[in-house]
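# Fold and contact review
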Amino acid sequence: MKKLMMLLLSLTMAFSTAAIITACGEEEPTDTPCTKHVDEDEDSVCDNCGETLAPVIKEVTVAFSVKDIVDDIMLPNVTVMFFVEDEETLTAVSGEDGTFSYTLEVGTYIVMYDYDVDALGGYFQSVTTEITVDETTSAIELQLQNTTPNGTESRPYPIDVGENEVVIPANTAYYYVVYRAVNLYAQIDGAAASVTYNGNAYTPDADGITSIRLQGTNTNSAEVLCIENTADSEQTFSVDIVSAPGSQENPYNLTLGEEITTRELAARESVYYSFTADSAGTLTITVTSSGSYVSMTNLSNSANANTNEVEDGVITLSVAAGQIIRIECSLTGNNAGSVVFTAAFNA
């Protein structure tokens, strides 16, 4: 009886030990298949059996509308391209009412547009360039902005360097923009033209000319003029955009035999003159102002003479008939002021 009790006690302790091991995580293997995969942490691994799961691709059908936010109108026949990294480009076209439906996978897309400028009636800047589609997305407005010039302040007509003609209806004002407006003047020919620039009003002189120096500081400058036709009938005005007098593109004509004093120059600012020889000879320039630099260049052969090469301020350059000499005047160091010189030509 005693031996039987000891045997039962040993079996009970062994069973208890096995239960403790199982409770500590050493589960016994089972061949029973997982009847329903669960992936609550969305790591593409079943939480029940550990099997790797194929990712679930979620798709959403979205109602799109293509709209010009300037004139508040729908835009038909616009090709819309959806780009996603490392995947094929998806393309759709807006209908006559400017809308279309498209099924997309949940995610973020870069959006680009293509259209017929003539059919759509202008140029449009993309406003909506990226969209995000999630499971709750049902509609998205794709926005573009009409940038076609129409003479308004926000969409001025461009005018080029050189001669331009503008036609303005009676008692109407149009806006015009000049790009890369550095060292440029605007000259408007027309007695009925009233011009506003940078908040200042300009009226024609006795010859009917309005001349305005544009205040652009570099080649990225864009200067806007408002030209008003004050007449009771349509007018055509000549608008010339010319380089500033004394600039490299529009130099002053050199006067011989007289003392020349340049306008007030800032440090590192230059003013230019030009001389065309009627016959072969020698052009001589004598600089009388201190702290001045003058350079002469023969544009036909690039021959040059400048005051850095002499001590007395006198420079000479040979020229053949018909050749053009460009003269550049500036100040040395950080000085500001005028350059004073005389020019003489010996045939």
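Reference entry: report on the structure contained in this document. Nothing here was measured: the structure is a model prediction, and the numbers come from that model.

Rules of the game
Residues numbered from 1 in each chain as written. Predicted model: local features only at pLDDT ≥ 70, side-chain atom pairs only at ≥ 80, totals over all residues. Heavy atoms only, no water. Pairing = 2+ DSSP bridges. Helix = DSSP H or I, 4+ residues; strand = E, 2+ residues; numbered from the N terminus. Core = buried A, V, L, I, M, F, W, Y, C linked by side-chain atoms within 4.5 Å. Buried < 20%, exposed > 50% of the residue type's maximum accessible area, 1.4 Å probe, protein only. Polar contact = N/O pair within 3.5 Å; in protein donor to acceptor, adjacent residues only side chain to side chain. Contact = heavy atoms within 4.5 Å. Phe/Tyr/Trp six-rings, centres within 6.5 Å; stacked < 30°, edge-to-face > 60°. Salt bridge = Lys/Arg side-chain N within 4 Å of Asp/Glu carboxyl O. Axes fitted to C-alpha atoms, helices over the stretch in contact; angles between N-to-C directions.

### Observations concerning the sheet that holds strand β27 (residues 340–346)
Sheet strands line up and pair through hydrogen bonds in the backbone, either parallel or antiparallel. Taking strand neighbours across the sheet as the criterion, the 4 strands line up as β20-β27-β22-β25 in an open arrangement whose pairing is antiparallel. Only two strands of the sheet have a single partner each, and these edge strands are β20 (260–261) and β25 (314–319). Note: strand β22 (residues 281–287) against β27, 6 bridges, orientation antiparallel. Bridge assignment links Thr284 to a residue of β27, and that residue is Ala344.

### Overview of the nonpolar core
Within the largest apolar cluster, 23 residues are counted, with the highest numbers of intra-cluster contacts made by Leu254, Ile285, Ile327 and Phe341. Secondary structure elements with two or more residues in this core: β21 (271–276), β22, β23 (292–298), β25, β26 (324–331) and β27. The element best represented in this core is β26, accounting for 4 residues.

### A few points about the pairing of strand β6 (residues 107–114)
Bridge count between strand β3 (residues 79–83) and β6: 5 bridges; the pairing is antiparallel. Following the sheet pairing, Met81 is matched in β6 by Met112.

### Considering the pairing of β21
Along β21, 5 of the 6 residues are buried, which leaves the element largely enclosed by surrounding structure. One ladder, built from 2 bridges, connects strand β19 (residues 252–253) with β21; its direction is parallel. By the bridge assignment for β21, Tyr252 is matched with Tyr273. Summarising the sheet, β21 and β26 pair through 6 bridges and their orientation is antiparallel. Looking at β26, one finds that Tyr273 is bridged to Ile327.

### Details of the side chain of Asn229
Note that Asn229 resides in strand β17 (residues 222–229). A distance of 3.1 Å separates the side chain of Asn229 from the backbone oxygen of Ile168, its partner in a polar contact. In terms of polar contacts, Asn229 uses its side chain to reach the backbone carbonyl oxygen of Pro169, at 3.0 Å. Ignoring sequence-local partners within four residues, the contact set of Asn229 consists of Ile168, Pro169, Ala170, Asn171, Thr172, Ala192, Glu234, Gln235 and Phe237.

### Considering the packing of aromatic side chains
Evaluated as defined, the whole model comprises 10 aromatic pairs. Ring plane angle 80° and centroid distance 6.2 Å describe the contact between Phe82 and Tyr109, whose orientation is recorded as edge-to-face. With Phe82 in strand β3 and Tyr109 in strand β6, this residue pair connects regions lying 27 residues apart in the sequence. For Phe82, a relative accessible area of 0% puts it in the buried group. With a centroid separation of 5.6 Å and an interplanar angle of 80°, the aromatic rings of Tyr273 and Phe341 are classed as edge-to-face. Pair noted here: Tyr273 is in strand β21 and Phe341 is in strand β27, with a separation of 68 residues, a long-range link. By relative accessible area, which is 7% here, Tyr273 ends up buried.

### Some remarks on the pattern of salt bridges
A complete count under the given rule lists 4 salt bridges for this structure. Across the pair Glu141 and Lys67 runs a salt bridge, and its minimum N-O distance is 3.9 Å. Placement of Glu141 in strand β9 (residues 139–146) and of Lys67 in strand β1 (residues 59–68) is noted, with a sequence separation of 74 residues between them. Residue Glu269 is joined to Arg263 by a salt bridge in which the shortest nitrogen-to-oxygen separation is 2.8 Å. The class for Arg263 is partly exposed, based on a relative accessible area of 31%. Here the salt bridges do not stand alone but share partners, grouping Lys67, Asp72 and Glu141 into one network.

### Some words on the side chain of Thr297
Within the fold, Thr297 resides in strand β23. Excluding its chain neighbours within four sequence positions, the residues that come into contact with Thr297 are Ser302, Ala303, Asn304, Leu317, Ile324, Ile325 and Arg326.

### Thoughts on the sheet that holds β3
Read across the sheet, 4 strands follow the order β4-β3-β6-β8 without closing on themselves; strand pairing throughout is antiparallel. The two strands at the open ends of the sheet, each matched to only one other strand, are β4 (90–93) and β8 (130–133). Direction aside, the axes of adjacent strands within the sheet are offset by 30° on average.

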